[in-house]
Amino acid sequence: EADIYQTPRYLVIGTGKKITLECSQTMGHDKMYWYQQDPGMELHLIHYSYGVNSTEKGDLSSESTVSRIRTEHFPLTLESARPSHTSQYLCASSERTGGINEQFFGPGTRLTVL
Amino acid sequence: AQSVAQPEDQVNVAEGNPLTVKCTYSVSGNPYLFWYVQYPNRGLQFLLKYITGDNLVKGSYGFEAEFNKSQTSFHLKKPSALVSDSALYFCAVGRGYSTLTFGKGTMLLVSP
């Protein structure tokens, strides 16, 4: 079944640790996105990609980095986690053709940095 | 620059009554408009979209939205609310090549 997956779902980690949030999709989509969302609040786009080897920064400045080596995989990395990074991170994907298409979201990773 | 406004933080409605969740937008050119729903501890689920054509768009779970160009609005509606519709609803407008700008969200609470 075509879907979008995020792991881990929940992560509690200490300050200064390096973390990677995984996002994979089996939908065959070229475009992928990362959003940051505080609970019950609006979404802020932090990174997006049009396809392999394409990465762009979003609206919200983020200390995280992303890579897109494979179409289906779009991991997000924090080199040194801080309490200010505590948030929910949502990954999404969409088709490339036909203009602006709806985005399909993963279940999210809730990150807590102590 | 594109923007979306959801003027209500929360909407309360009794089960069986019609519901409306409001959204207004600002965009240059033709708008691409979307509604999403988010249940607790979940990602967003796509409900419906407007690109062109009929001003009344039908979507998932019995929801529909009415596009009004003169009022720059895209309100989400449902004729008869269910308790299970209680969730956080986001309106979004498409911009650039592919990205979306989301509103702040409206919490819908449907009482039994």
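The structure under discussion appears in the preceding block.
First, a word on scope: everything that follows refers to the structure included in this document. Worth saying up front: this structure is predicted, and the values here are computed from it rather than measured.

The rules we used
- Residues numbered from 1 in each chain as written.
- Chains lettered and ligands numbered in written order.
- Predicted model: local features only at pLDDT ≥ 70, side-chain atom pairs only at ≥ 80, totals over all residues.
- Heavy atoms only, no water.
- Contact = heavy atoms within 4.5 Å.
- Buried area = accessible area lost by both parts, 1.4 Å probe.
- Salt bridge = Lys/Arg side-chain N within 4 Å of Asp/Glu carboxyl O.
- Helix = DSSP H or I, 4+ residues; strand = E, 2+ residues; numbered from the N terminus.
- Buried < 20%, exposed > 50% of the residue type's maximum accessible area, 1.4 Å probe, protein only.
- Pairing = 2+ DSSP bridges.
- Polar contact = N/O pair within 3.5 Å; in protein donor to acceptor, adjacent residues only side chain to side chain.

Let's talk about the interface of chain A and chain B
Point 1. Taken together, the 26 residues of chain A in the interface contact 23 residues of chain B.
Point 2. Summing both partners gives a buried area of about 2000 Å² for chain A against chain B, and 54% of it is carried by carbon and sulfur.
Point 3. It is A:E42, A:I100 and A:E102 that lose the most area in chain A upon contact with chain B, and together they represent 32% of the buried surface on that side.
Point 4. Taken together, chain A and chain B are joined by one salt bridge.
Point 5. Its salt-bridge partner being A:E102, residue B:K49 comes within 2.7 Å of it at the nearest N-O pair.

Quick word on the pattern of salt bridges
Residues and elements named next belong to chain A.
Point 1. Evaluation of the coordinates by the stated rule reveals seven salt bridges over all chains.
Point 2. Its salt-bridge partner being E79, residue K18 comes within 3.9 Å of it at the nearest N-O pair. Pair noted here: K18 is in the loop between β2 (10-13) and β3 (19-25) and E79 is in the loop between β8 (76-78) and β9 (87-94), with a separation of 61 residues, a long-range link.
Point 3. Here E79 falls in the partly exposed class, since its relative accessible area comes to 49%.
Point 4. A salt bridge links E63 to R82; the shortest N-O distance between them is 2.8 Å. Remark: R82 occurs in the loop between β8 and β9 and E63 occurs in the loop between β6 (56-57) and β7 (65-66); sequence separation between them is 19 residues.
Point 5. Note on E63: relative accessible area 46%, which makes it partly exposed.

Some words on the sheet that holds β8(A)
All names here are of chain A.
Point 1. Strand order in the open sheet formed by four strands is β1-β3-β8-β7, and the pairing between neighbours is antiparallel. One side of each edge strand has no neighbouring strand; the edge strands of this open sheet are β1 (4-7) and β7.
Point 2. Where β3 meets β8, three bridges bridge the pair, whose relative direction is antiparallel. When the sheet's bridge partners are listed, I19 is paired in β8 with L78.

Description of the side chain of A:Q25
All names here are of chain A.
Point 1. Note on placement: Q25 falls in strand β3.
Point 2. Judged by relative accessible area, Q25 falls into the buried class, the value being 2%.
Point 3. Within the structure, Q25 has its side chain in polar contact with the backbone oxygen of H29 (distance 2.7 Å).

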